[in-house]
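Understanding the architecture of this molecule
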Amino acid sequence: METDCIKEALPSGTRLLHIGPHKTGTTAIQGALFDAKDTMPEHGVDFPAHSRHPMEAALAACARPAMMGDTVPTDKHWTRLLDAVRATGDRTSVISSEFFADAEDDEAIARIVEQLGGERVHILITLRPLAKIMPSQWQQYVQNGLRMGYDNWLEHMLRKAPYEQPNPSFWRRHRHDRLVERWTRAVGPERVTVVVVDDGDRDGLLRTFEALLGLPANLLRPVPDAANRSLTLAETEMLRKLNVEFRGNGLPDELYSKLVRNGAVMHMKNSCSPTPQDVKITTPRWAVEAAGSIGAEMAGTIAATGVRIVGDTALLSAVPKTVEKVPTAPRIAPEVAAQALYGALAAVAAAPVRHTAPAKARTVHQTSSKELVRVLGHRCLKRLRRR
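Residues numbered from 1 in each chain as written. Predicted model: local features only at pLDDT ≥ 70, side-chain atom pairs only at ≥ 80, totals over all residues. Heavy atoms only, no water.

Glancing now at helix α5 (residues 130-142). Counted at 1.5 Å a residue, the expected span for α5 with its 13 residues is 18 Å, and the 18 Å between its end C-alpha atoms agrees. The buried count for α5 comes to 11 of 13 residues, which makes it a mostly enclosed element. Of all the residues in α5, the buried ones are L130, A131, I133, M134, P135, S136, Q137, W138, Q139, Y141 and V142. Residues of α5 that are buried make contact with α6 (150-158), α7 (169-174), α8 (176-187), α10 (233-248), α11 (253-271) and α12 (285-304). (Helix = DSSP H or I, 4+ residues; strand = E, 2+ residues; numbered from the N terminus. Expected span 1.5 Å × (residues − 1). Buried < 20%, exposed > 50% of the residue type's maximum accessible area, 1.4 Å probe, protein only. Contact = heavy atoms within 4.5 Å.)

A few words now on the packing of aromatic side chains. Inspection of the entire model under this criterion finds eight aromatic pairs. Seen from their ring centres, F34 and F47 are 6.1 Å apart, and the 65° between their planes marks the pair as edge-to-face. With a gap of 13 residues between them, F34 in helix α1 (residues 26-35) and F47 in the loop between β2 (45-46) and α2 (55-61) connect regions that are remote in the sequence. F47 sits in the buried class, given a relative accessible area of 7%. Among the aromatic residues, those joined into a cluster by ring pairs are W138, Y141, Y150, W153, F170 and W171. The aromatic ring of F34 is capped on one face by K37, whose charged end is 5.2 Å from the ring centroid. Directly above the aromatic system of W286 lies the positively charged group of R159, at a separation of 3.6 Å from the ring centroid. (Phe/Tyr/Trp six-rings, centres within 6.5 Å; stacked < 30°, edge-to-face > 60°. Lys NZ or Arg CZ within 6 Å of the ring centre and 35° of its normal.)

Pairing is parallel in the open sheet, where six strands are placed in the order β2-β3-β1-β4-β5-β6. Every interior strand has two partners, whereas the edge strands, β2 and β6 (308-310), have only one. Alignment of strand β4 (residues 121-127) against strand β5 (residues 192-196), held across five bridges, turns out to be parallel. Along β5, the bridge assignment pairs T126 with V195. (Pairing = 2+ DSSP bridges.)

Moving on to unusual backbone geometry. With omega at 5°, the peptide bond leading from A161 into P162 counts as cis. The amide bond that connects Q165 to the next residue, P166, takes the cis arrangement and shows omega of 10°. Mapped onto the elements of the fold, P166 is located in the loop between α6 and α7. Look at A63: it is not a glycine, yet its phi comes out positive at around 55°. The exposed category is assigned to A63, whose relative accessible area is 62%. Phi at N218 takes a positive value of approximately 70°, unusual for a residue other than glycine. Its place among the elements puts N218 in the loop between α9 (204-213) and α10. Looking at N218, the relative accessible area reads 44%, which means it is partly exposed.

Moving on: empty space enclosed by the protein. On inspection of all chains with the given rule, the structure shows one cavity of 30 Å³ or more. Put simply, the largest cavity is a space of about 30 Å³. Lining the largest cavity are L10, P11, T14, T92, L212 and L213. A breakdown of the residues in the lining of the largest cavity according to their chemical character gives four nonpolar, two polar and no charged. (1 Å grid on protein atoms, 1.4 Å probe; cavity = no way out; pocket = protein on both sides within 12 Å on 5 of 7 lines; lining within 4 Å. Points joined across faces, edges and corners; volume = space filled by probe spheres on them. Nonpolar A, V, L, I, M, F, W, Y, C, P; charged D, E, K, R; others polar.)

Our focus in this paragraph is the confidence of the model for the protein chain. Mean pLDDT over the protein chain stands at 88; residues scoring 70 or higher make up 85%. In this model, residues 353-369 is a region of pLDDT below 50 whose contacts with residues beyond four sequence positions or in other chains number six contacts. (pLDDT = per-residue confidence, 0-100.)

Below, the discussion takes up the pairing of β4. Burial runs high along β4: seven of the seven residues are buried. Where burial is concerned, the two faces of β4 agree: the one with V121, I123, I125 and L127 and the one with H122, L124 and T126 are both buried. By the bridge criterion, four bridges tie strand β1 (residues 15-18) to β4 in an arrangement that is parallel. Residue pairing in the sheet places H18 in a bridge with L124 of β4.

Right, here's the structure in full:
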């Protein structure tokens, strides 16, 4: 099923809520909207969020936990966003966070819609094929502490009912037909637009947002963001094995957030670009075909809801060609490992150093490596908490 392009913008005064889900171009559109936030008001459109991505506000609204070790979202985050939205008055506004897709019950969704403006709210959902989402979502889960390998993870998500372990959020987000149905029950099909993202049209999503919001063509431009790139297989495996050691030594989640995800991983992403020699995460044929079958089923159900669909729903069931797995284990380049290590060390170095009295303890060579990791972790955390 293929639909025409948008020919008419949403009514003036609409509050457009883009709910993702994850891995469907959300970071790209958030970056473009935030970059144009000072220009869009000239055309009657406001971007009320105080940051590129109001993640904490969305998590609070959906009563979902923060990422591992991050600051716990509170009602204050959500209230601050609501105040900014209300301050736009009768003007059109746009809010984007993929974490709104994590709202799992009708009551929570109805409350979110009502607080954002009730009948003025229009829901925008962006979709990509499951086969393309799965490897990206797995490596993202690894960045949040997951220890399970890709093949094993696929077995759990696709073959082991009830398909909720180790990441129950996956199907809450990516059973796209049910996601569309949940939000359609809250606002009606006439106030839901589903956009099927075509990866072959790099700027297509930006042009769709412009058309919906009544913005001039090419006002929204891509904003480079190295921090959002996916990890290579070697990088992901290095991080996954670090996660095993981290959990095995009982280190606190706050330390993981500061030193690993926002230290080592962030610095590695910003400092190292993947090369053609890097091994990508590849999905086995059986999983790609399973994803295609689920995608076809979802496309049919979405079409039956009566929502507006932009793009070709046949893309949701497309089965891409798979690449044969490399027989040898992927190896991470020394400079990549060095940048990751430096990122963690820089995060520790950013904490103020406080001199303490010498501890009466065993020397380093008398202490096991496991205990050293545990002690170092707790000392780093103590320093970070003193900041």
